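Residues per chain are reported as follows:
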Amino acid sequence: MEKKILLSESEMPRHWYNIIAHMPNQPAPPMDPSTGQPAAPEKLARIFAPQLLEQEMGQGGAYIEIPEEVFDTYRIWRPAPLIRATELEKLLDTPAKIYYKYEGVSPAGSHKPNTAIPQVYYNKLNGIKRIATETGAGQWGTSIAFATQRFGLESIIYMVKVSYEQKPYRKAMMEMWGGKVIPSPSTTTACGRAMLAEDPDSNGSLGGAISEALEDTLSREDTRYCLGSVLNHVALHQTIVGEESIKQMEKAGDYPDIVIGCAGGGSNLAGIAFPYIRENMLSARKTEIIAVEPTACPTLTKGTYTYDFGDVAQLTPQLKMYTLGSKFMPAGIHAGGLRYHGMSPLVSQLYHEGYMKAEAYNQLECFEAAAMFVRTEGILPAPESSHAIKAAIVQALKAKEEGTSKTILFNLSGHGHFDIASYEKYFQGELIAYEHPEAEIAKSLGR
Ligand SMILES: *Cc1c(COP(=O)(O)O)cnc(C)c1O
């Protein structure tokens, strides 16, 4: 058995998969709270490129061709390898086969350039000169800086303050690619100043940084906004991951019984899972899909399915999604990319309708899984990705207990080279098994 399964360029998927075309129930539209009606396309056009809005609304059929310039950029690191975790299997002494799709090979070190590249490309086609965005742990900002550099645009990145202070190398990397990085909350925007007035020592939050990037966008005609997760067009671009993995699994002569992804806003999970959900819907396959989140930010497992804002200042349209409330302040856990109060509306609906399950683990169990992984497979995972590893290990041990041979596939969404400080804390025993108190969640949801 080949350990690393690579496709040749001619075998790479040439399309993204638009799951909306196959969903039996069409997604609920984004709502404009000022009118109580679905958000007007003209308003959204001030924020997003028209091609991205079409994709957002699920137009264009089930398969969307990847533009040539985007494909050319993907080729720097794609196809991303599919690897059989034989050493981890041996350690667990499991009859299960464990495969992982490794997205850490991109220039930014995660799956996020899969969508940063097409988002910036479509904006460039429309003559846009500048992209405003936010970043939590720094992965998305790095991806946007890389993409804007590649296509000759400027970028301004509002970075959640706690990460800005904890991750100076992420910031340096964004600046290397020409990005302008501002800690959020900042004094640059009115909503940033309001957040500082409320709490001068605020750590910032992803929702808050989104508010700042949106206000910046609306203040300049040459600027558009890009979001790294949650939205339908982001999920669409990420499906390259799952489509590629189907071809690679085929080459390995295998097919997964279980597909796992960690879930912050839901994009890397959507990316690996949607093509398999299609196979479940259309080809009577029965692959089990598992979303994994931190107990510190348990959106699917403890949240409510309702219309909510995507940001603290409530500037975004309302999306129908699982949410912990737009003012939810997650603890400063180390998987920064999983600290978002909401969830992709597509992932939310598919979860609600029973197409996938969800599990939550605390950061200690996840770092423990990451330590097992780096010592067997050699790759240091991002703390976000370690949630998927934990769930894969749980499934592999369950297979062992039941004496069944299961094929497990998980998305290793990124590497952890910028997270060494967190790993150091873990190995020194300084991390705690944080679980967000039920009462706090209920308060945030206004229950
Ligand atoms: C951003 C990020 C995530 C979480 O975002 P999703 O949209 O849920 O995928 C997970 N893993 C890594 C490495 C990330 O950078």
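Now for a description of the structure that goes with this document. Source: prediction; values computed, not measured.

Calculation notes
- Residues numbered from 1 in each chain as written.
- Predicted model: local features only at pLDDT ≥ 70, side-chain atom pairs only at ≥ 80, totals over all residues.
- Heavy atoms only, no water.
- Phe/Tyr/Trp six-rings, centres within 6.5 Å; stacked < 30°, edge-to-face > 60°.
- Buried < 20%, exposed > 50% of the residue type's maximum accessible area, 1.4 Å probe, protein only.
- Lys NZ or Arg CZ within 6 Å of the ring centre and 35° of its normal.
- Helix = DSSP H or I, 4+ residues; strand = E, 2+ residues; numbered from the N terminus.
- Polar contact = N/O pair within 3.5 Å; in protein donor to acceptor, adjacent residues only side chain to side chain.
- Pairing = 2+ DSSP bridges.
- Axes fitted to C-alpha atoms, helices over the stretch in contact; angles between N-to-C directions.
- Contact = heavy atoms within 4.5 Å.

1. Some details on the packing of aromatic side chains
Inference 1: Counted by the stated rule, this structure contains 16 aromatic pairs.
Inference 2: Aromatic side chains Tyr 74 and Trp 77 sit 5.9 Å apart centroid to centroid with 75° between the ring planes, which places their arrangement in the edge-to-face category. The pair Tyr 74 / Trp 77 is uniform in exposure class, with both members buried.
Inference 3: Aromatic side chains Tyr 426 and Phe 427 sit 5.1 Å apart centroid to centroid with 70° between the ring planes, which places their arrangement in the edge-to-face category.
Inference 4: Taken together through their ring pairs, the aromatic side chains of Tyr 74, Trp 77, Phe 146 and Trp 177 make up a single cluster.
Inference 5: A cation over a ring is seen here: Arg 84 above Tyr 99, with NZ or CZ 5.8 Å from the ring centre.
Inference 6: A cation over an aromatic ring shows up here: Arg 278 above the ring of Tyr 17, its NZ or CZ 4.6 Å from the ring centre.

2. Observations concerning the side chain of Asn 280
Inference 1: With respect to the helices and strands, Asn 280 occurs in helix H12 (residues 267-283).
Inference 2: A polar contact of 2.8 Å, which involves the side chain of Asn 280, links it to the backbone oxygen of Thr 287.

3. Examining the sheet that holds strand S11 (residues 223-225)
Inference 1: Read from one edge to the other, the open sheet built from four strands follows the order S10-S9-S8-S11, with strand pairing classed as parallel. The two strands at the open ends of the sheet, each matched to only one other strand, are strand S10 (179-184) and S11. Taking the axes of each pair of neighbouring strands and ignoring which way they run, one obtains an average angle of 25° across the sheet.
Inference 2: Of the strand pairs in this sheet, strand S8 (residues 130-135) and strand S9 (residues 154-160) are connected by six bridges, and their pairing is parallel. Within S9, the residue paired with Ile 131 across the bridge is Ser 155.
Inference 3: Together, S8, S9 and S10 form the strand contacts of helix H6 (residues 139-151), whose direction differs from that of S8 by roughly 165°.
Inference 4: Along the sheet, helix H8 (residues 168-176) makes contact with S8, S9 and S10, crossing S10 at roughly 145°.

By themselves, these figures tell us nothing about what the structure is for.
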